[in-house]
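The lines below spell out each chain.
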Amino acid sequence: MKDVYIYYSCTWEEIRRIEERFGFPHCVSVNGESCHPVDVKEEDWALLRETERRGFIQIRLKDKKV
């Protein structure tokens, strides 16, 4: 599993479908990014990358600061 942020560049209906498919909690900030990092299972990475390639999302890695 890997924690990443998701930036959504699609409609609300498509956001809901993506969240349901990958098991992400529904929480999108005003700028279109997930409010919290989401857990992505190893077996879902290929499909998530394909979703990104098709332009529905951007996968964003952020540095954790202590």
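This text follows the structure it describes.
Being a predicted model, the structure only gives us computed values, none of them experimental.

Draft legend 1. Quick peek at the sheet that holds strand E2 (residues 38-40). Pairing within the open sheet is antiparallel, and its three strands lie in the order E2-E1-E3. The two strands at the open ends of the sheet, each matched to only one other strand, are E2 and strand E3 (57-60). Each neighbouring strand pair of the sheet contributes to a mean axis angle of 50°, computed without reference to strand direction. Looking at chain direction, strand E1 (residues 2-8) and E2 are connected through three bridges and run antiparallel. Bridging from a neighbouring strand, Asp3 pairs with Asp39 of E2. Of the strands in this sheet, E1, E2 and E3 are in contact with helix H2 (residues 45-53), which crosses E3 at around 125°.

Criteria and thresholds
The residue numbers shown here count from 1 along each chain, following its written sequence. Side-chain atom pairs in this predicted model are given and counted only at pLDDT of 80 or more, local residue features only at pLDDT of at least 70, and totals for whole chains, interfaces and linings cover all residues. Excluding hydrogens and water, the side-chain values take into account all heavy atoms of the structure. At least two bridges found by DSSP between two strands is the condition for calling them paired. Secondary structure elements are defined from DSSP: runs of H or I of at least 4 residues count as helices, runs of E of at least 2 residues count as strands, and each element is numbered from the N terminus. A fitted line through C-alpha atoms represents every axis, and for helices the fit uses only the stretch in contact; the resulting angles, taken between N-to-C directions, go from 0 to 180 degrees. Contacts are residue-level and defined by heavy atoms, with any inter-residue pair within 4.5 Å sufficient.

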